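# Structural overview for review
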Amino acid sequence: MRAKRVITIHVRDDREKEEFMRELQRLRLPAFIYVHGKLDSLKINVQGTKDEIRDAIQKIREIHTRVRAKLYPDRRGGLYRYKVDDLLREAGTSVSTPIIVKTLELVGEKVELRDDEIVTSMPWEEAVEVTSRLGEALAEIALQTTRQIREVALPVAIAYDLDPEEVLERLVELGLAEWKEDKFKYELVKNKEQALEELLKALEGDADED
């Protein structure tokens, strides 16, 4: 037996409304959903069986929670929360989570990984831009690097606004990486934590000389 239920979602501004509607349109549910918008709220008409309606409303509320978490910082720490998948999808790329986290750290943001969420002081639009730039840098060096060296080179390239190839060459100059002829790849000689630490020291030394 089919039924109908109407729920109201309150939004703070057009930005939240647009982001919520975009996420809602991605939902693929057996229930029929119709949305009527007002200035600060959205009336959502959900039709289907009782189970379909309950499932749809739960997913709608989850979407709204996610949208608010990424658009507005929490009151306690002033931090935003992003699902990693949402960030990658919005940036149109596929970069490993450790690379994103390390990049945010290097540009001076608070950042923590909790399950599949990044909790950070960086606002959503900026995080999308950084992730997009990481994707572009990854495309330049993906075929000639191992995962380990990418976790050093890519965050540094974005944080210091350097060409990723230049970062690879610097790692080789410093004796932290080498080119493997048999594999056609750059590989780290030292572990990634040590390589990153020594590379950052060298770059900071360059900045002091300037």
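Provided above is the structure to which this section pertains.
Here is a short report on the structure shown in this document. (Residues numbered from 1 in each chain as written. Predicted model: local features only at pLDDT ≥ 70, side-chain atom pairs only at ≥ 80, totals over all residues. Heavy atoms only, no water.)

Looking along a regular strand, one sees side chains alternate from face to face of the sheet. Residues of strand β6 (residues 117-120) alternate between two faces, with Glu117 and Val119 on one and Ile118 and Thr120 on the opposite face, all of them buried. Relative to β6, strand β4 (residues 80-83) runs antiparallel, the two sharing 4 bridges. When the bridges of β6 are listed, lysine 83 appears paired with glutamate 117. As paired strands, strand β5 (residues 111-114) and β6 are joined by 4 bridges and run antiparallel to one another. Across the sheet, arginine 114 pairs through a bridge with glutamate 117, a residue of β6. (Buried < 20%, exposed > 50% of the residue type's maximum accessible area, 1.4 Å probe, protein only. Helix = DSSP H or I, 4+ residues; strand = E, 2+ residues; numbered from the N terminus. Pairing = 2+ DSSP bridges.)

Aromatic ring pairs are described here by two measures, namely the spacing of the ring centres and the angle between the planes. Taken as a whole and assessed by the stated rule, the structure comprises 3 aromatic pairs. On the basis of an interplanar angle of 25° and a centroid distance of 6.3 Å, the ring pair of tyrosine 80 and tyrosine 82 is categorised as stacked. For tyrosine 82, a relative accessible area of 1% corresponds to the buried category. On the numbers, 4.9 Å between centres and 65° between planes, the contact of tryptophan 179 with tyrosine 186 is edge-to-face. Of the residues examined, tryptophan 179 reaches a relative accessible area of 34% and is grouped as partly exposed. Judged by its relative accessible area of 14%, tyrosine 186 falls in the buried class. Sitting over the ring of tyrosine 72, arginine 12 keeps its end group 3.9 Å from the ring centre. Above the face of the tryptophan 124 ring, lysine 70 is positioned so that its terminal group lies 4.2 Å from the ring centre. (Phe/Tyr/Trp six-rings, centres within 6.5 Å; stacked < 30°, edge-to-face > 60°. Lys NZ or Arg CZ within 6 Å of the ring centre and 35° of its normal.)

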